Amino acid sequence: MSYRKGSKVWVEEKGEGWVEAEVAEAKDRAVIVLTIQRKKITVHPEKLLPRDTDEDLSGGHVDDMTKLTYLNEPGVLYNLKKRYALNEIYTYTGSILIAVNPFTRLPHLYNEYMMEQYKGVRLGELSPHVFAVADASYRAMVNDSRSQSILVSGESGAGKTETTKLIMQYLTFVGGRAALDDRTVEQQVLESNPLLEAFGNAKTVRNDNSSRFGKFVEIQFDASGRISGAAIRTYLLERSRVVQITDPERNFHCFYQLCASGKDAELYKLGHASSFHYLNQSKTYELEGTNNEDEYWKTKRAMDIVGISRKDQDAIFRTLAAILHLGNIEFSPGNEHDSSKIKDSTSNFHLQTAANLFMCDSDLLISTLCSRTIHTHEGIIVKALDCAAAAANRDALAKTVYSRLFDWLVENINKSIGQDVDSKVQIGVLDIYGFESFKNNSFEQFCINFANEKLQQHFNEHVFKMEQEEYKSEEINWSYIEFIDNQDVLDLIEKKPIGIIALLDEACMFPKSTHETFATKMFRNFSSHPRLEKTKFSETDFTISHYAGKVTYQTDSFLEKNRDYIVAEHCNLLSSSKCPFVSGLFTSLPEESLRSSYKFSSVASRFKQQLQALMETLNSTEPHYVRCVKPNSANRPQLFENQSVLHQLRCGGVLEAVRISLAGYPTRRTYAEFVDRFAVLVPELMIGSYDERMLTKGILEKMKLENFQLGRTKVFLRAGQIAVLDMRRAEVLDNAARHIQGRFRTFITRKEFLRIREASISIQTYCRGCLARKIYTIRREIAAAVIVQKYVRRWLLRRAYLQAYLAALLIQSYIRGFIARRYFSAIREHKAASVIQSIWRKRKAVLLFQRYRRATVAVQCAWRQKLARRELRKLKMAANEAGALREAKNKLEKKMDDLALRLTLERRMRAASEESKLAEILKRDKIIESLSAECAAAKSAAQNEHDKNLVLRRQLDDSLRELTLLQSKKIMTAEAEKENSSLKNLVESLSKKNSLLDNELTVARKSSDDTMEKLKDVEGKCNHLQQNLDKLQEKLTNLENENHVLRQKALNMASLNNLSVAPKTLSEKFSTSIGLPSSETKNTFESPTPTKYLVPLPQSMTGSRRARLPVERHEENHEILSRCIKENLGFKDGKPVAACIIYKCLLHWRAFESERTAIFDHVIESINDVLKGNEADGRLPYWLSNTSALLCLLQKNLRSNGLFATPSRRSGGHLGLGGKIVHTLRSPSKLLGRSDVLPQVDARYPAILFKQQLTACVEKIFGQLRDNLKKEISPLLNVCIQAPKSTRAQPGKPSKSPGVGAQPPSNSNWDNIVNFLDLLMDTLRENHVPSFFIRKLITQLFSFINIQLFNSLLLRRECCTFSNGEYVKAGLSLLEKWITDVTEEFAGTSWHELNYIRQAVGFLVIHQKRKKTLEEIMQDLCPSLSVRQIYRICSMYWDDKYNTQGISNEVVAAMREMVNKDTLNKDNQNIVSNSFLLDDDLSIPFSTEDLSIAIPAIDYADIDLPESLHHYSSVQFLLRQQDPEPVQ
């Protein structure tokens, strides 16, 4: 391929794998490129790969890599990298899902709401997700009745196990429960994970918790698609790890957990892991962040969960400890040739311990390890084993025991989960180790990579099959496409008789074979095989070219690890164990296997058989693939290592799938996309032509391309053709750019010329103006000089005149001043003489006045002294009366003591005579009345005493006023102090007596307060007695209720047995004993009809007939209410007829005053039955109106007085203090001064309960109506979130009005929503639903619209575009107009509920997004949206209309940092939910108080009875009176 200057390419680089570059210079055989680091590199053109020029304009990434313009290795790598930087961890490659481990929690991706979003959605319609793959497998299983499989692969640490958990979680969500208990299949399988991880996982070089076995979780379903069972199949356990590990790896976790278990380890004689040979081959004993002891207890808890008994748990850990002790048994040469024996006492200790733990004979264990028994026709031959053979025999025993232990665990886990043997379809989830390539690769890596080659072949076949299916669906010719296969590698490994496995088995059968002889024979047989190579520096190492790359294997331990003898002595030894668990692991061997002690079993052959069984299982299912990728080796978030990911993509077969696609038609575009991109190549074809297929064909033919295919909806291009089209498009765009630049330069030059010309004219104008202004200034200066001279001359003359004038004035003023001063002196002397004369006359008058005043004051003081003595005598008499008051107080105290004594005696009498309760009630009533009378008398006495005290206080106040007056007079008459000394002494003595009177008054007040407190105590005791009386009356009520039930049964029995006499009721007995009127004991629950409306009964009516009348009337009442409920009675003047009729009937029948009645339950059940019918959805508005009206009538017209009242009403009479209190509680409305228009009724408990049930019914109807509306509007919203294809502008045609903005939508999708809302409003208004309910309903409906549109916008990348934002914005304007039209009375805050989608859409359609800062976005554009939501929109946005760039990278990086910090904070606070999606509000948006306030009162008086109910006798009162008064 030829490149031109400016072409964007990928260039290979060692550190980063591939880097972005741009062609700086193109030569014949070399190209100079400039990398993104501004580094120039000269490369051959064949080593470059093309890069999409428009990738930054479309957001820089795609969610399906088949949409990549250039499907190549760097395109795949960098697409994953860009999506990973945005926390988009899932990406499709066709139907294959690639999952990149985020190494952080993303709970918002995996909640139940997200599962609901992907339920039933076609794969690829929403953003990539593991739930989409799980749903696709489930739907395929249900629709096709064929088993499915999901293959989860990847290297250690890539997240395979977590992905498997998520798949099972989703399958449990869509498939329901799996067991009879409360645990789901997912929970049951996950509960077994800690157990399987402990016994099947180990630390490897790359992962601390690597699965060393393959796990196939089979979830079984019944015919209806419900989960019926599950099973776990395990494959390819790495048994050799039990006896041999390399540093820094570890053995299986369970061994380290057992060694760290504390007391349990001591029980099995275990120490630190470093003291055991099977564990100390590696120096790694602990894992970072993991506590072995804690993990041990987690493993035990997992055993408890899966149902393993304590006895079996002990046996399992005994077996593990025995394996560790086995590994510490060492051998030394024996006395005979090629024999062995236990080396020393330490080895002997471990042998004895192992034998004790296995519960077998230690001598038999020694014999089994150190010798071999051969069965011949002549007899049994015992052959001794040398030290190496004995050690191999020991290791074989350890591997066999562990393998069988692991199989037993899996079998018990399956029993715990519960399998369905009758299941016909299953979904299997395969979690198996991925391709491995280390520095040193041994036999384990050879087997693992062989398994991955098998799986890769299955994967390639599936990918090619998917390619074929797409080619077939598009009806194109594909027969000549070659399929890339790896069958030659599989033949090299497994083909008989000369495959590598066959040669290895053959070498293992000969005792003297070594790895050198094996390698020599292998190289001799495969010397010319293209996939096998011999290394340069080793004679025994070999290299295989796998699909993921070349791997070099070291054969040093191939033979030892492949040998796995089935030793009869091992089975005999352990089957004879006294431990049932150990003996159960080893069943007896068949007779033919006993002839040879050592039966060779190849590990590789058994591995091959298990792999074949796995492949047969997978071939019988429809596969789905999930490739897990580990982005970095440090397990850190937001770190993407290119080389590591490239290696995993090769190992996972993703790049192999790319190569398969490249072999066919790697580039496929819909006709609309193709025309949108390449219409600029043939502008002449765009005029008047709208057939996209013909346009596509015309473009390709004009470009002279061949071998392309035109399908039904897509065009298929061969590899390289899209590059030719892009290059030609770039040329056209460059020419257009040059043309635009030329025109633009012309425009700039002309604009500059016009600017200069305008500047020249301006300068000339300015110069002429300056010259004119200068001439004008000269002329103005001359005129100003003449004026100045005139004014100066005038000023000089005026100054001379003023000087002469001022001198004359000064002389005149001095003369006038001299004359005035002389006249003033004469006047002052005359005035001084007059003042002296007036003062002398005043002095004489003052002396005469003072003499007269002193005489007058002396006379007044003598008279006041006489009056004070008279007042003193009166005060002394009043003091004597206070003693009498004290005596009255003492008498009152004695009376109170008598009262207390009488109360005590009365309480004792009541306790002693409990058997005669009814008689005592009457006595207590009398006592209460007498006590109340005495209390009233005591109160009146206290009041009199208080009045007297007030009189004394008034007298004292008068005295104090007189004293104050005297003191003031005393101050004024200072000269008469000596004469009034006797009066002062008298006043002082009077003050002392007044103080004594004050003290006595204080004491009297205290005694009065004590009296009042005692009165309050008496009042409290009276209240207590009244409460006891109320309790007894409640008991009496309960007895009457029981009597009612008995009487009903008696009536029924009487009607059956034709009895004419009814026994006397228990209530009558009680009423007679208490003395209550018999008319008040009449039961009111039978809903009787008033007697004035009834026809008199004939005298000959029998007693049974009279007994049946209430029952028949009761049934008739129920039938009337049922007809009112079942029939649509309509409305009158906006008031629901059914609700008003029901209320009037219940009111007239005294149902609200009944203590126990079934009529309310009948009403509620009838309404519920109507709502359960087939036409219930259509009648919901009708019944919302009726039930709310009935509830409003109950709230407005019922009082809850019956909760405090007794069954029998007291007719008048004296009420004590307690009675007054209870009466006050019974009438709270009187305290509030409430006076309703409609008459109120005292309601009993059943009526209050009926009101609560009716409230629940209103809430249920409202919620059901709201949910139905949501279901109906959801399909309309799904088609409104994305602009239809017909509304998009035709490619190549400019917009006629680019500045107008968003045009109204040209389709009827949004009109359908408006029509739906109009129909809803019409329905609600026709049924006269109160505006309060309409407002709440519309508000919640618009909130649901906001949630659905906003969530769909965040889940679909194709919706986050500029043109789609314009489309949705135009639709929202229609909703705004609708809200305005229906007014705020019905719409409420509906427009405010659309805040999220309005702000999101507004953000999509703004221009120049790169100039927006984070503060502007968060505070001005999207204040309601969270940072996570804004970040999600920014990461998915792309401009499909103007091809402009989105938010700047700096703003995106700042948002990503805030999102990561927020996630970290929520993780630290254990907050699970940090989803960017909105949750639906399912609450009821009103309370009972809101209803009573919002719904106006209803006047039911003018509602007429429907004609269909006229023939019922129980409702005749509705025909005879228009406004019936309730019976009080």
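Let me begin by describing the structure that accompanies this report. (Residues numbered from 1 in each chain as written. Predicted model: local features only at pLDDT ≥ 70, side-chain atom pairs only at ≥ 80, totals over all residues. Heavy atoms only, no water.)

**Looking at the packing of helix α3 (residues 130–144) against helix α4 (residues 160–175)**
Then comes step 1: Contact pair α3 / α4: the axes reach a minimum separation of 9 Å and the direction vectors enclose 50°. Here α3 lies oblique to α4, going by the angle between them. Here α3 and α4 pass one another in a crossing that is right-handed. Along the contact surface, α3 presents Val 130, Phe 131, Ala 134, Asp 135, Ser 137, Tyr 138 and Arg 139, while α4 presents Thr 163, Leu 166, Ile 167, Tyr 170, Leu 171, Val 174 and Gly 175.
Then comes step 2: For the contact of α3 with α4, the class distribution of residues is 9 nonpolar, 3 polar and 2 charged. (Axes fitted to C-alpha atoms, helices over the stretch in contact; angles between N-to-C directions. Helix = DSSP H or I, 4+ residues; strand = E, 2+ residues; numbered from the N terminus. Parallel < 35°, antiparallel > 145°, perpendicular 65-115°, else oblique. Left-handed = near helix turned anticlockwise from the far one by under 90°. Contact = heavy atoms within 4.5 Å. Nonpolar A, V, L, I, M, F, W, Y, C, P; charged D, E, K, R; others polar.)

**So, the sheet that holds strand β1 (residues 8–13)**
Then comes step 1: Here we have 5 strands laid out as an open sheet, ordered β4-β3-β2-β1-β5, and antiparallel in their pairing. Looking along the sheet, the strands with just one partner apiece sit at the ends: β4 (40–43) and β5 (49–50).
Then comes step 2: Pairing of β1 with β5 involves 2 bridges; the strand directions are antiparallel. Paired with Val 9 across the two strands is Pro 50, which belongs to β5.
Then comes step 3: Relative to the sheet, helix α1 (residues 73–85) contacts β1, β2 (17–26) and β5, its axis offset from that of β2 by approximately 120°. (Pairing = 2+ DSSP bridges.)

**Topic: a negative patch on the surface**
Then comes step 1: Together, Asp 1009, Asp 1010, Glu 1013 and Asp 1017 make up a negatively charged patch on the protein surface.
Then comes step 2: Within the secondary structure layout, Asp 1009 lies in helix α27 (residues 981–1057). (Patch = residues over 30% accessible without salt bridge, like charges linked within 9 Å, V, L, I, M, F, W, Y side chains within 5 Å. Areas by Shrake-Rupley, 256 points an atom, 1.4 Å probe, with all protein chains shown as cover. Salt bridge = Lys/Arg side-chain N within 4 Å of Asp/Glu carboxyl O. Lys, Arg positive; Asp, Glu negative; His and termini not counted. Charge placed at Lys NZ, Arg CZ, Asp CG, Glu CD.)

**A few points about the nonpolar core**
Then comes step 1: Phe 199, Phe 255, Tyr 402, Phe 1333 and Leu 1375 are the most contacted members of the largest nonpolar core, which totals 264 residues.
Then comes step 2: No other element matches the 15 residues that helix α37 (residues 1331–1355) contributes to this core.
Then comes step 3: In contact with Phe 255, not counting residues within four places along its chain, are Val 242, Leu 279, Leu 320, Ile 323, Leu 324 and Tyr 402.
Then comes step 4: Leu 236, Leu 503, Phe 518 and Leu 532 belong to the second-largest nonpolar core, a separate cluster that totals 54 residues. (Core = buried A, V, L, I, M, F, W, Y, C linked by side-chain atoms within 4.5 Å. Buried < 20%, exposed > 50% of the residue type's maximum accessible area, 1.4 Å probe, protein only.)

**Some words on the pairing of strand β8 (residues 148–153)**
Then comes step 1: Of all 6 residues in β8, 6 are buried, a share of seventy percent or more.
Then comes step 2: Neither face of β8 is open: one carries Gln 148, Ile 150 and Val 152, the other Ser 149, Leu 151 and Ser 153, and all of them are buried.
Then comes step 3: Note: β8 against strand β17 (residues 425–431), 5 bridges, orientation parallel. Counted as the bridge partner of Leu 151 is Leu 430 from β17.
Then comes step 4: Two strands pair when backbone bridges link them, and β8 and strand β23 (residues 622–629) are joined in this way by 6 bridges, in the parallel orientation. When the sheet's bridge partners are listed, Leu 151 is paired in β23 with Tyr 625.

**Comments concerning a positive patch on the surface**
Then comes step 1: Taken together, the side chains of Lys 866, Arg 869, Arg 870, Arg 873 and Lys 874 define a basic patch exposed on the protein surface.
Then comes step 2: Its location among the elements puts Lys 866 in helix α25 (residues 721–912).

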